[in-house]
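# Summary of structural features
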Amino acid sequence: MPNPIVYIAVGSESEDETEPESEGDSGETDEQNSESEEEEEGFIPVMESPRVLPEKEGEEGGGGRICSSAGEVGENSQGNEWNRGDIDGLFCTICMEAWTTSADHHVCCLPCGHIFGFSCIRKWLQQGRTTKKCPQCNRKCTLKDVRKLFASRIVAIDGESQKRIQSLESECISLEQKTAVLIKNEAEWRKKEAEWKGREALLQQQLHQFKEKTNYLEHLLDVQSRTLGHPPSMGGYQVPSLGQNLDSKFNGQGPFILQKELGVDGARLFDIDASSKIILMARRLQGLGGTHVLTKMSLVAPYMREDIPLLFGTKAVRDLHICPSGSSLALFASLGKKLSVLSTKINQVTLAYDLPAPAWSCSWDLNSSHQIYVGLQNGSLGMFDMRQNARPLDFVNGLTSNPIHTIYSTNNPTLPSGVTTVLSASSAGICQWNFGGSEQRPFLVSEVGNQGACISLAYCPSSDDIVASFRPRTDNSVEIASSQSLPTHALGQGVQGSHVHLKRVGSNCYQKLAVTCANVNDVRLPRSAVMNIENHGCLFVSGNELTCELVLQELPFFTVLQCLKSPKQPIYDVKHAHACDGGLLGCLSEGILRLYSNHALK
């Protein structure tokens, strides 16, 4: 079993361990110290890893030997040298040869701690001297004091080097601490930099808002300067017989003025939530595949917007309505056979019903905020209660299989309690549905007469006015809803149609008040609106397909009050909302949403 390694710390001896030199030996000691200093300052040849050989491999004298002699080392080292301080603790300081672990040159030590080869220290102490001393420290000793060391290897640890190592370790720790401080400072600076960038972005946004407001005010000044003192233009002709009444009602102007134009690529439907000051649009994003989304846009400058992704399989949205009770909910019907409810607060679909056929229209119940209706492509109409997610309350088949493109929940006080009325429109005409009564099968509103194919229906709950739009029937006619991507028709491709004004006169009876001719689209299903302006009666708003204008007509006689210019593009959707600062009218055409404010109510 090999002997363990013995570590001996090399350092300066203390004064009390060293005996004072006698006067007789002072000269000899000085001479030896002088020779020792000369040896320490000089260099000795480099030895290539000297190895102590066992006794049987040594010379006949029995002592161990070194594998390579000093001469061989000198030849192989080619001038490389070691400082003597680098080899202290490896060689005997008397003969400058490596000691062995056995035989005559066995490693040994004196009481003072200095190490020598046994044969060397024995000769040193056997010299004819009266006082025996250590060759290095001159401490008195005898041959009996020599102790052999039994270790396979002896390594001397330099105390100064150890101190230097500790000093370097301290410096490393200090540098690590400084590095940590620098990293912390860098993180703080990065955080401050992010805060400054955020403040810069906020200031840029505020600057943009101020520019938007400035442009809007400049636009209002320009509109006022152009309209004050001039009679209204009605698409090239004057308002018949009611010109004086128009001046008295609207001070010589039309009731609406342009407030803002907004770019909305791919939008086909929208609705206005005046209480929350937002607009919700159904859009199809540009690009391959054309993803369908809902886009919420603020009505406050700078008109921030956010795209809301739809559930998988929803497909194109065909109808969209914000809840009139102000519950921050929106209802939309889609071709993916889904009727969905969206929360405009969290911008997520909170409820979705699977339908037996693609949905073309939807509506909120005017008397119950948790009841909703949906019109399907197969001509049937369904009623749902949002408190019951499992199945619909009722599904009723229509008179025909034509798609129901428009539905409205109506106020019908003549019906018994618990019975709700819904008006629907398809190419076959207008139908009334009574849910909750003994007879739920719909019936056709025959008072309209044979006007052609019904393409639009508008209803005002506050006044109970109904306006239906028609176009001539054609063989193999195909209805295409305005919510779909359609080719843009050139100017003048409209057909001569009609608008019919109706009023309810009983639980199931209607009166036709007026009929007027109109230029309507021959392919799309246009949208229209009836708005009740306080103290000024009802206005019917629709698009003129020939001139691409938004026409405002006073009911019941369809007297033209105002024609709002728009780009030479067909009008896709029209919505009106009552606001605290006046009514707001929205008109959606290809890529542009125009907002008109009602200055008559301000």
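Residues numbered from 1 in each chain as written. Predicted model: local features only at pLDDT ≥ 70, side-chain atom pairs only at ≥ 80, totals over all residues. Heavy atoms only, no water.

The name given to the chain in an unreviewed UniProt entry is RING-type E3 ubiquitin transferase, and the organism recorded there is Hibiscus sabdariffa. UniProt's Catalytic activity (unreviewed entry) comment on the chain is quoted here verbatim: "S-ubiquitinyl-[E2 ubiquitin-conjugating enzyme]-L-cysteine + [acceptor protein]-L-lysine = [E2 ubiquitin-conjugating enzyme]-L-cysteine + N(6)-ubiquitinyl-[acceptor protein]-L-lysine." Regarding the chain, the UniProt comment filed under Subcellular location (unreviewed entry) reads as follows: "Nucleus, Nuclear body". (UniProt positions renumbered as here; feature names shortened; annotations may be inferred.)

### Observations regarding the packing of aromatic side chains
One pass over the structure, following the stated rule, counts five aromatic pairs. Aromatic pair Phe 384 and Phe 395: ring centres 5.9 Å apart, planes at 90 degrees, arrangement edge-to-face. Pair noted here: Phe 384 is in strand S19 (residues 381-385) and Phe 395 is in strand S20 (residues 394-396), with a separation of 11 residues, a long-range link. A residue is classified by how much of its surface remains accessible, and Phe 395, at 30% relative accessible area, is partly exposed. Measuring from centroid to centroid gives 6.0 Å for Tyr 408 and Tyr 459, while their planes differ by 50 degrees, and the two rings are tilted. Note that Tyr 408 is positioned in strand S21 (residues 406-410) and Tyr 459 in strand S25 (residues 453-460), a separation of 51 residues in sequence. For the pair formed by Tyr 408 and Tyr 459, the shared burial category is buried. Through a chain of ring-to-ring contacts, three or more aromatic side chains come together here, namely Tyr 353, Phe 384 and Phe 395. Over the aromatic face of Trp 360 sits the side chain of Arg 318, whose NZ or CZ is 3.7 Å from the ring centroid. Here the guanidinium or amino end of Lys 575 rests over the ring plane of Phe 270, the centre of that ring lying 5.7 Å away. (Phe/Tyr/Trp six-rings, centres within 6.5 Å; stacked < 30°, edge-to-face > 60°. Helix = DSSP H or I, 4+ residues; strand = E, 2+ residues; numbered from the N terminus. Buried < 20%, exposed > 50% of the residue type's maximum accessible area, 1.4 Å probe, protein only. Lys NZ or Arg CZ within 6 Å of the ring centre and 35° of its normal.)

### A few points about the sheet that holds S20
On the basis of which strands lie adjacent, the open sheet formed by four strands has the order S17-S18-S19-S20 and antiparallel pairing. At either margin of the open sheet sits one strand with a lone partner, and together these are strand S17 (359-364) and S20. Ignoring strand direction, the axes of neighbouring strands in this sheet form an average angle of 20 degrees. With three bridges joining them, S19 and S20 adopt antiparallel strand pairing. Following the sheet pairing, Met 383 is matched in S20 by Asp 394. (Pairing = 2+ DSSP bridges. Axes fitted to C-alpha atoms, helices over the stretch in contact; angles between N-to-C directions.)

### Observations concerning the pairing of strand S31 (residues 529-533)
Of all five residues making up S31, four are buried, and the element is well covered by its neighbours. Where S31 lies against strand S32 (residues 537-544), five bridges are found, and the strand directions are antiparallel. Residue pairing for S32: Asn 532 is matched across the bridge by Cys 538.

### Quick notes on the confidence of the model for the chain
Per-residue confidence for the chain gives a mean pLDDT of 76; residues scoring 70 or more make up 73%. Contacts from residues 227-248, a stretch scored under 50 in pLDDT, to residues over four places away or in other chains number 29 contacts. (pLDDT = per-residue confidence, 0-100. Contact = heavy atoms within 4.5 Å.)

### Points about the nonpolar core
Formed by 19 residues in total, the largest nonpolar core has its most connected members in Leu 110, Ile 115, Phe 116, Ile 121, Leu 125, Cys 134 and Val 146. When residues of this core are traced back to their parent elements, those giving at least two are strand S4 (107-109), strand S5 (115-117) and helix H3 (118-126). With five residues, H3 is the single largest residue contributor to this core. Not counting chain neighbours up to four residues away, the residues in contact with Leu 110 comprise Phe 116, Ile 121, Cys 134, Pro 135, Cys 141, Asp 145 and Val 146. If you look at the next biggest cluster of nonpolar residues, it comprises 18 residues, including Cys 362, Trp 364, Ile 372 and Phe 384. (Core = buried A, V, L, I, M, F, W, Y, C linked by side-chain atoms within 4.5 Å.)

### Details of the pairing of strand S33 (residues 549-554)
Burial within S33 is extensive, with six of its six residues counted as buried. Residues Glu 549, Val 551 and Gln 553 line one face of S33 and the alternating positions Leu 550, Leu 552 and Glu 554 line the opposite face, and both faces are buried. By the bridge criterion, six bridges tie S32 to S33 in an arrangement that is antiparallel. Its bridge partner being in S33, Ser 542 is matched across the sheet by Val 551. In this structure, the hairpin formed by S32 and S33 is closed by a connection of four residues, where Cys 548 is found at a positive phi of approximately 55 degrees. For S33 and strand S34 (residues 559-564), the ladder comprises five bridges, and the chain directions are antiparallel. Its bridge partner lying in S34, Val 551 is registered against Cys 563. Connecting S33 to the next strand, S34, in antiparallel fashion are four residues, including Phe 558 with a positive phi near 55 degrees.

### A look at the sheet that holds strand S24 (residues 443-444)
Reading across the sheet, the four strands line up as S21-S22-S23-S24 and stay open at both edges, with antiparallel pairing between neighbours. Strands at the two margins of the open sheet, each flanked by one partner only, are S21 and S24. Bridging between strand S22 (residues 420-426) and strand S23 (residues 429-435) involves seven bridges; their strand directions are antiparallel. For Leu 423, the partnering residue across the bridge sits in S23 and is Gln 432.

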